[in-house]
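Tertiary structure, described
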Amino acid sequence: MVFNPLDKEIVREIKLPLYYSGISKIAYVREREGAKKKYILNREYEINVKVTIPANSNTWLVIE
């Protein structure tokens, strides 16, 4: 879950370490209840996800 305390919408790229998740090659990520997107993990078992966070609100990611 990520929170935006600002008065305007922001877009950020977040690095997610997935080493301890048990996922080794491909991760499927959904923002809120949206569609799944496919990400390939790098050699450090990380993915970079672009997230849009509404003003004075939050959003969350589901990783499969």
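Attention in this report is confined to the structure presented alongside it.

The rules we used
- Residues numbered from 1 in each chain as written.
- Predicted model: local features only at pLDDT ≥ 70, side-chain atom pairs only at ≥ 80, totals over all residues.
- Heavy atoms only, no water.
- Pairing = 2+ DSSP bridges.
- Helix = DSSP H or I, 4+ residues; strand = E, 2+ residues; numbered from the N terminus.
- Axes fitted to C-alpha atoms, helices over the stretch in contact; angles between N-to-C directions.
- Buried < 20%, exposed > 50% of the residue type's maximum accessible area, 1.4 Å probe, protein only.
- Polar contact = N/O pair within 3.5 Å; in protein donor to acceptor, adjacent residues only side chain to side chain.
- Contact = heavy atoms within 4.5 Å.
- Phe/Tyr/Trp six-rings, centres within 6.5 Å; stacked < 30°, edge-to-face > 60°.

Some remarks on the sheet that holds strand β7 (residues 61-63)
- Sheet architecture is open: three strands sit in the order β4-β3-β7, paired in antiparallel fashion. A strand with exactly one partner marks an edge of an open sheet, and here the two such strands are β4 (37-40) and β7. When the angles between neighbouring strand axes are averaged without regard to direction, this sheet yields 30°.
- Relative to β4, strand β3 (residues 26-31) runs antiparallel, the two sharing four bridges. By the bridge assignment for β4, A27 is matched with Y39.

So, the side chain of N4
- Following the sequence through the fold, N4 ends up in strand β1 (residues 2-4).
- A residue is classified by how much of its surface remains accessible, and N4, at 0% relative accessible area, is buried.
- Here K8 takes part through its backbone oxygen, which lies 2.9 Å from a polar atom of the side chain of N4.
- Sequence-distant contacts of N4, that is, excluding residues within four places in its chain, are made with E9, I10, I53, P54, A55, N56 and S57.

A short note on the packing of aromatic side chains
- One pass over the full model with this rule turns up two aromatic pairs.
- Between Y19 and Y20, the aromatic rings sit 4.9 Å apart at their centres with planes inclined by 90°, giving edge-to-face as the arrangement.
- Using a relative accessible area of 51% as the deciding quantity, one classes Y19 as exposed.
- Taking the relative accessible area as the measure of exposure, Y20 reaches 80% and is therefore exposed.
- Pairing Y19 with Y45 gives two aromatic rings, centres 5.4 Å apart and planes at 70°, and the pair type is edge-to-face. Pair noted here: Y19 is in the loop between β2 (10-17) and β3 and Y45 is in the loop between β4 and β5 (46-53), with a separation of 26 residues, a long-range link.
- When its relative accessible area of 31% is taken as the criterion, Y45 is described as partly exposed.
- Cluster of aromatic residues (ring-pair linked, three or more members): Y19, Y20 and Y45.

None of the figures reported here should be taken as evidence of function without further support.
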